[in-house]
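One-letter residues, chain by chain:
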Amino acid sequence: MAGDEVVVLGVGMHPWGKWGRNFVEYGAVAARAALADAGLAWSEVDYLAAGNTMRNGYPGYVSGSTFAQALGWRGIPVSSSYAACASGVVAIESARARILAGMADVAVVVGADTAPKGFFGPLPGDRPEDPDWLRFHVLGATNPTYFALYARRRMELYGATTKDFAAVKIKNSRHGVANPYARYRKEFTADQIDESPIVADPLRLVDICATSDGGAAVVLASAEFAAQRADRARHVRVAAISTVTPSYPNTYLDMPDIATDSAVGAPPLERSFRDSIAHAAYEEAGVGPDDLSCAEVYDLSTALELDWYENIGLCGSGEAEALLHSGATTLGGRIPVNASGGLASFGEAIPAQAIAQVCELTWQLRGEAGERQVDDATVGLSINQGLFGHGSCVIVTR
Amino acid sequence: MSKPRVPVIEGMFREGLDGTGRLLGGRCPTCGASFFPKQWSFCRNPACGGTELDDVELSTRGTLWSFADNRYAPPPPYPGREPFEPYGVAAVELAEEQMVVLGQLAAGTDVATLALGREMELIIEALYETDDAVHTVWKWRAI
């Protein structure tokens, strides 16, 4: 159904790091890079969608207008989306909906963040009714605490070990060495990982992704607009976008909640929330896990990457460790995962990260990923989950 | 004189005379689902539509769903203690309510001895102390 697809005309990023500058600068650099990559001028853009940042004051809450002003006011409509880690894809979905509705031909989607040092905390104030405040105040349950709960569950249910988690770090850090936009371009060894301090047992500091500054942008266009361009061989199509929320009863303990739904009085779910994220995208794209050339999954922790293998259907429950050790998810394998280096090499720049995943898939499908190129990539999937119940998954095809 | 014991948050739990405790939740009289914290006055089951919740005390025992051990001080608003002491957390599945509830591990429950499915019991313990009060919270103790 080509008429229901939008096309990625351009992608761009500002390198990840801890630069300490205004997030607007990273976003503007990324947007200009994406426009240059598309061979388009800002004056040709009909719509701008952006992902918000919660830690940079008011400009972060109105990111759409913030970036429109930075690129130069032109009177076009904007939107500002927040869905935690899924913000970038919710912004992409906003742009796609606008294009498919015939209300825009070309849209720019931008996300950028300037991150504080250390643990993410809740917003300031005294708010016992806010689950995000409550979990820190009453339990000291940080994000790594939840990652550790999931990791421990893998160990107990499937016999995973911290050596398996380390193998994810080694793989992703090796991939990231070849990525000029990655913050950490250093290959880790098992010994170095062993020396890393434990933050939330069973996870070490190097198992948990850092908080980073960075910016990413994509230029989307209608199929009609794209068909008139000269660079059609570089075009990548958006075959599906999933922005699903959980279904009741969600009995898996998700951040930031301190208790799950009760399963009493409701029929059991056909699939878990995390499983439902990719499922919706596969249904829309008309492809399945066997069709994927590569995937970018949200490795907030090393152990979580293994969960994602199962959630996106690369293998069955409890089989992720074997898949990892088979080499299938390493560059050169059957289905390389996080060829970009993943969050292990980037750290997380919240509203930019899901957009950065799509940038990587686009480079892979164009054959422009250089030393980290996946052979003959034709179908790519990116996936993540934002706290408070946001799923995000994008499938792109060539 | 012992210091008065004050819940770290009002209305989430109740402490008995002997350190036993109950979590205060809501239960829908129509579909039977429990909620913790009670938070709202209506049922969240989309197939139910119940508009009132009964006040209930949740089960005090359950089985271990997962656990973790925190080695670094969390950011505010964690009240914590100085110097920082590592603390475990446990996610416990309540059989009757069919839900998972997170809590810190009680003093004396060693993370190294835990395994999924272990039976756990709710107790009320100090989260931190000030000059004039012991601020309490619910915790999970291995049985």
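Everything that follows concerns the structure shown earlier in this document.
Quick summary incoming for the structure in this document. Predicted model only: the values in this text are computed from it and were never measured.

Here we look at the overall build of chain B
Along chain B, the regular secondary structure elements total zero helices and 10 strands. Mapped in sequence order, the helices and strands of chain B form the string β-β-β-β-β-β-β-β-β-β. Counting only C-alpha atoms, chain B reaches 50 × 35 × 30 Å along its principal axes. By the burial criterion, 40% of the 143 residues in chain B qualify as buried.

Looking at the overall build of chain A
Along its length, chain A carries 14 helices and 11 strands. Here the C-alpha radius of gyration of chain A, 20 Å, is about what a compact globule of 398 residues would show, namely 21 Å. Dimensions of chain A along its principal axes, counting C-alpha atoms only, are 55 × 50 × 45 Å. Within the span of chain A, comprising 398 residues, buried residues form 61% of the whole. A separation of at least 24 residues holds for 76% of the contacts in chain A among residues at least 6 apart in sequence.

Structural notes on the pairing of strand 8 (residues 99-105) of chain B
Moving residue by residue along a regular strand, the side chains alternate between the two faces of the sheet. Residues and elements named next belong to chain B. Most of strand 8 is tucked away: seven of the seven residues are buried. Bridge analysis of strand 8 against strand 10 (residues 134-142) gives two bridges, and the strand direction is parallel. If you follow Gln-104 over to strand 10, its bridge partner there is Lys-139.

Regarding the packing of helix 4 (residues 87-100) of chain A against helix 14 (residues 350-366) of chain A
Residues and elements named next belong to chain A. It is the contact of helix 4 with helix 14, at a shortest axis distance of 6 Å, that shows an interaxial angle of 65 degrees. On helix 14, the residues that touch Ser-87, Gly-88, Val-89 and Ile-92 of helix 4 are Ile-350, Pro-351, Ala-352, Gln-353, Ala-354, Ile-355 and Val-358. In terms of residue class, the contact of helix 4 with helix 14 is made up of eight nonpolar, three polar and no charged.

Points about helix 14 of chain A
If you check helix 14 of chain A, its first and last C-alpha atoms are 26 Å apart, about what 17 residues at 1.5 Å a residue would give, namely 24 Å. The element helix 14 of chain A is largely enclosed, with a buried count of 16 among its 17 residues.

A look at the nonpolar core
Within the largest apolar cluster, 175 residues are counted, with the highest numbers of intra-cluster contacts made by Ala-107, Val-109 and Val-218 of chain A. When sequence neighbours within four positions are dropped, the list of residues in contact with Val-109 of chain A reads Ala-49, Ala-91, Ile-92, Ala-95, Ala-217, Val-218, Leu-220 and Ile-355 of chain A.

What about helix 7 (residues 162-176) of chain A?
At 3.6 residues per turn, the α-helix brings residues three or four places apart onto the same side. All names here are of chain A. The end-to-end C-alpha distance of helix 7, which contains 15 residues, comes to 21 Å, matching closely the 21 Å that a straight helix rising 1.5 Å per residue would cover. Most of helix 7 sits inside the fold, with 11 of its 15 residues counted as buried. Along helix 7, the residues classified as buried are Asp-164, Phe-165, Ala-166, Val-168, Lys-169, Ile-170, Lys-171, Asn-172, Ser-173, His-175 and Gly-176. On the buried face of helix 7, the contacting elements are helix 6 (143-158), helix 8 (190-194), helix 11 (302-311), helix 12 (320-325) and helix 13 (342-346).

Here we look at the sheet that holds strand 11 (residues 390-397) of chain A
Residues and elements named next belong to chain A. Spatial strand order, 3-2-4-7-1-8-11-10-9: nine strands in an open sheet with mixed pairing. Edge positions in the open sheet fall to strand 3 (78-81) and strand 9 (294-297), since each of these has one partner strand only. For this sheet the average axis-to-axis angle between neighbouring strands, irrespective of direction, equals 20 degrees. Direction of pairing for strand 4 (residues 106-113) relative to strand 7 (residues 213-222): antiparallel, over a ladder of eight bridges. By the bridge assignment for strand 7, Val-108 is matched with Val-219. On the sheet, helix 3 (residues 63-71) packs against strand 2 (47-51), strand 3 and strand 4 and is oriented at approximately 125 degrees with respect to strand 2.

The rules behind each value
Residues numbered from 1 in each chain as written. Chains lettered and ligands numbered in written order. Predicted model: local features only at pLDDT ≥ 70, side-chain atom pairs only at ≥ 80, totals over all residues. Helix = DSSP H or I, 4+ residues; strand = E, 2+ residues; numbered from the N terminus. Buried ≥ 20, exposed ≤ 12 C-beta atoms within 10 Å, placed from the backbone. Rg over C-alpha atoms; globule rule 2.2 N^0.38 Å. Contact = placed C-beta atoms within 7 Å. Pairing = 2+ DSSP bridges. Axes fitted to C-alpha atoms, helices over the stretch in contact; angles between N-to-C directions. Nonpolar A, V, L, I, M, F, W, Y, C, P; charged D, E, K, R; others polar. Expected span 1.5 Å × (residues − 1). Core = buried A, V, L, I, M, F, W, Y, C linked by C-beta atoms within 7 Å.

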